[in-house]
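Chain by chain, the residues run as shown.
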Amino acid sequence: MASSSVIYSIMEFLLQLFPVKSIPLFEIIFARCTIILILSLVWLRRYGQPVLGPPHVRTLLISRALMGYLSLMTFVYSIQRLPLSDAILFNLSTPITGSIFAQVIFHEKLALVDIGGLSCSFLGLLLIFRPIFFLQGGLSEGGEYSMALVSKETVDKYAVLVALLSSLYGGVSYCLVRAGAKASEQPMATVLAFALFASPAALVCTLVFEDFVLPDMQTLLIMIIVGFLAFVAELFLARGLQLEKTSKTTNILFIEVFLSQMSGFTFLGQAPSFLRLVGCMLILVSVLSTFYFGPEKVLE
């Protein structure tokens, strides 16, 4: 799970260094999902696994694909209607909703250390991205977060609801990934299921809502590299959810935020603020405590 977060942070860093702003959003999603689809198919065929998964888990895999795509599309809508930091904050609350749904669906017990870890990580997010509804802003050229007080009337309440749905769909998707990976004994099946659904759906959205843009060689290379990294990250994510209970694995995902902030401070010239540094330290402490109170500690 930690490997998945590290890879996601590397992807974000690469896209900050080599942005693909000329490529429409749905086209980027289509390219990434298509690369994941191709690599997943090659993986399953090479190891002699059924492409559509075992018959008894196909309903789970279809549900996982649908929930994952709904989470993606609602997130795409929210980043277009809300300040970017607010939309990201909602999206990053997915580990919390996933842990809640896991308690309902799998009857996983949330230990006090799990609740404390998730709460600590989310508090760190609030300090990094700042509260929503009453504050809005964005990163300046120096990487510092600027804020301005806004009234309740200026907030797109429908977009906030959609962003919340994105988090809920994502939480359910985590649970379905865990259930599908455990039932099929092959986490790659859940990765393929999502890509098999998302790739053609993203292509339709590209053709309907956007104008297709042919990328230049550098942009194409970056898209291929990021797509490959996304494939590896998704595989590690599914494997982590297969092996350990949801509340522990999803809390480790917050390390991506810590790494992204540190890379911004170190390599991109972003100026750290006191609150952002405190938020990073809270996330780091939370993730390290999750490693320390790992499965062995629970079994004891």
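So, a few notes on the structure that sits alongside this text. (Residues numbered from 1 in each chain as written. Predicted model: local features only at pLDDT ≥ 70, side-chain atom pairs only at ≥ 80, totals over all residues. Heavy atoms only, no water.)

## Overview of the overall build of the chain
Next up, step 1: Helix and strand counts for the chain come out as 13 helices and two strands.
Next up, step 2: Expressed as a percentage of its 300 residues, the buried residues of the chain come to 51%.
Next up, step 3: As displayed, the chain has an accessible area near 14,900 Å², and 70% of this comes from carbon and sulfur atoms. (Helix = DSSP H or I, 4+ residues; strand = E, 2+ residues; numbered from the N terminus. Buried < 20%, exposed > 50% of the residue type's maximum accessible area, 1.4 Å probe, protein only. Areas by Shrake-Rupley, 256 points an atom, 1.4 Å probe, with all protein chains shown as cover.)

## Quick notes on the environment of Pro 272
Next up, step 1: Structurally, Pro 272 is set in the loop between helix H11 (255-267) and helix H12 (274-292).
Next up, step 2: C-alpha separation for the pair Pro 272 and Gln 261, spaced 11 residues apart in sequence, amounts to 8.6 Å.

## Comments concerning the packing of aromatic side chains
Next up, step 1: Under the definition given, this model contains six aromatic pairs.
Next up, step 2: With 5.4 Å between their ring centres and 45° between their planes, Trp 43 and Tyr 47 make a pair best called tilted.
Next up, step 3: On the basis of relative accessibility, which here comes to 30%, the residue Trp 43 falls in the partly exposed class.
Next up, step 4: In this structure an aromatic cluster arises from ring pairing among Trp 43, Tyr 47 and Phe 231.
Next up, step 5: When the ring centre of Phe 106 is taken as origin, the NZ or CZ atom of Arg 178, which lies over that ring, is 5.9 Å away. (Phe/Tyr/Trp six-rings, centres within 6.5 Å; stacked < 30°, edge-to-face > 60°. Lys NZ or Arg CZ within 6 Å of the ring centre and 35° of its normal.)

## Topic: unusual backbone geometry
Next up, step 1: Non-glycine residue His 107 carries a positive phi angle of around 60°.
Next up, step 2: Of note, His 107 is situated in the loop between helix H5 (94-105) and helix H6 (112-129).
Next up, step 3: A positive phi angle is found at Glu 185, which is not glycine, with a value near 55°.

## Looking at the pattern of salt bridges
Next up, step 1: Per the stated rule, a full pass over the model turns up three salt bridges.
Next up, step 2: Residue Glu 234 pairs with Arg 64 through a salt bridge whose shortest N-O separation is 3.7 Å. In this pair, Glu 234 sits in helix H9 (residues 217-243) while Arg 64 sits in helix H3 (residues 58-81), placing the two residues 170 residues apart along the sequence. (Salt bridge = Lys/Arg side-chain N within 4 Å of Asp/Glu carboxyl O.)

## Focus on a nonpolar patch on the surface
Next up, step 1: Judged by side-chain polarity, Tyr 158, Leu 161, Leu 164, Leu 165 and Leu 168 come together as a nonpolar surface patch covering roughly 430 Å² of accessible area.
Next up, step 2: Mapped onto the elements of the fold, Tyr 158 is located in helix H7 (residues 157-184). (Patch = residues over 30% accessible without salt bridge, like charges linked within 9 Å, V, L, I, M, F, W, Y side chains within 5 Å.)

## Here we look at the side chain of Glu 27
Next up, step 1: With respect to the secondary-structure elements, Glu 27 resides in helix H2 (residues 25-46).
Next up, step 2: Here Glu 27 is buried and forms no salt bridge, its nearest opposite-charge partner Arg 32 lying at an N-O distance of 13 Å.
Next up, step 3: Among all residues touching Glu 27, those that are not within four sequence positions of it are Thr 206, Glu 210, Asp 211, Phe 212, Val 213, Pro 215 and Met 223. (Lys, Arg positive; Asp, Glu negative; His and termini not counted. Contact = heavy atoms within 4.5 Å.)

## Quick look at H3
Next up, step 1: Taking 1.5 Å as the rise per residue, H3 with 24 residues should run 34 Å; its terminal C-alpha atoms sit 35 Å apart, in good agreement.
Next up, step 2: Within the sequence span of H3, burial applies to Leu 61, Arg 64, Ala 65, Met 67, Gly 68, Tyr 69, Ser 71, Met 73, Thr 74, Val 76 and Ser 78.
Next up, step 3: Of the surrounding secondary structure, the elements contacted by the buried residues of H3 are H2, helix H4 (84-91), H7, helix H8 (188-209) and H9. (Expected span 1.5 Å × (residues − 1).)

## Topic: the packing of H8 against H9
Next up, step 1: The contact between H8 and H9 brings their axes to 8 Å, and the two run at 130°. As far as their axial angle goes, H9 and H8 are oblique. For the element pair H8 and H9, the recorded crossing hand is right-handed. Together, Met 188, Thr 190 and Val 191 of H8 and Phe 231, Glu 234, Leu 235 and Ala 238 of H9 make up the contact between the two elements.
Next up, step 2: Partitioning the contact of H8 with H9 into residue classes produces five nonpolar, one polar and one charged. (Axes fitted to C-alpha atoms, helices over the stretch in contact; angles between N-to-C directions. Parallel < 35°, antiparallel > 145°, perpendicular 65-115°, else oblique. Left-handed = near helix turned anticlockwise from the far one by under 90°. Nonpolar A, V, L, I, M, F, W, Y, C, P; charged D, E, K, R; others polar.)

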